[in-house]
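# Structural characterization, general
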Amino acid sequence: MTVSLPLVVVLGFFAWGAVRFLGVRVWIVVLITLFGFWLSRTFLALAIESGTRSGVTVINGSYT
């Protein structure tokens with residue numbers, strides 16, 4: 001069975017769990033989110049995307 005969830009939903013669950021169970025402050029979650037949006041507009045976004053895709057390929061074992 002394959003379940004397809006948007007990445008935002010998965011990250012939202014992680015953020016909720018961090019705030020709820022680990023005691024992470026909400027403002028830190030907001031700050032990290034805003035930094036991620038800022039980072040996606042820089043030249044590093046291509047390197048991050050390439051590294052993420054390579055990592056997923058290695059994890060999945062599909063070397064195409």
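What counts as what
- Residues numbered from 1 in each chain as written.
- Predicted model: local features only at pLDDT ≥ 70, side-chain atom pairs only at ≥ 80, totals over all residues.
- Heavy atoms only, no water.
- Helix = DSSP H or I, 4+ residues; strand = E, 2+ residues; numbered from the N terminus.
- Expected span 1.5 Å × (residues − 1).
- 1 Å grid on protein atoms, 1.4 Å probe; cavity = no way out; pocket = protein on both sides within 12 Å on 5 of 7 lines; lining within 4 Å.
- Points joined across faces, edges and corners; volume = space filled by probe spheres on them.
- Nonpolar A, V, L, I, M, F, W, Y, C, P; charged D, E, K, R; others polar.
- Buried < 20%, exposed > 50% of the residue type's maximum accessible area, 1.4 Å probe, protein only.
- Salt bridge = Lys/Arg side-chain N within 4 Å of Asp/Glu carboxyl O.

Below, the discussion takes up helix H1 (residues 7-21). Here H1 is 15 residues long and its end C-alpha atoms lie 21 Å apart, about the 21 Å a rise of 1.5 Å per residue gives. Phi turns positive one or two residues past the end of H1, at Gly23, with a value near 75°.

Each pocket or cavity is described by its volume, and for the largest pocket that value is around 700 Å³. What lines the largest pocket is a set of 20 residues, and nearest its centre among them are Leu7, Leu11, Thr33, Gly36 and Phe37. Within the residue set of the lining of the largest pocket, elements represented by two or more residues are H1, helix H2 (26-39) and helix H3 (44-60). The residue makeup of the lining of the largest pocket, split by class, is 14 nonpolar, five polar and one charged.

Tracing the backbone through its elements, the reader meets Val26 in helix H2. Classification of Val26 as exposed rests on a relative accessible area of 54%. Remark: the alpha-carbon pair of Val26 and Trp38, spanning 12 residues in sequence, is separated by 19 Å.

A few words now on the pattern of salt bridges. The full count for this structure, using the stated rule, is one salt bridge. Taking the shortest distance from any N to any O, the salt bridge between Arg53 and Glu49 comes out at 3.0 Å. Taken as a pair, Arg53 and Glu49 lie in helix H3 at a separation of four residues, close to a single helical turn. On the accessibility criterion, Arg53 (55% relative accessible area) is exposed. Since its relative accessible area comes to 39%, Glu49 is described here as partly exposed.

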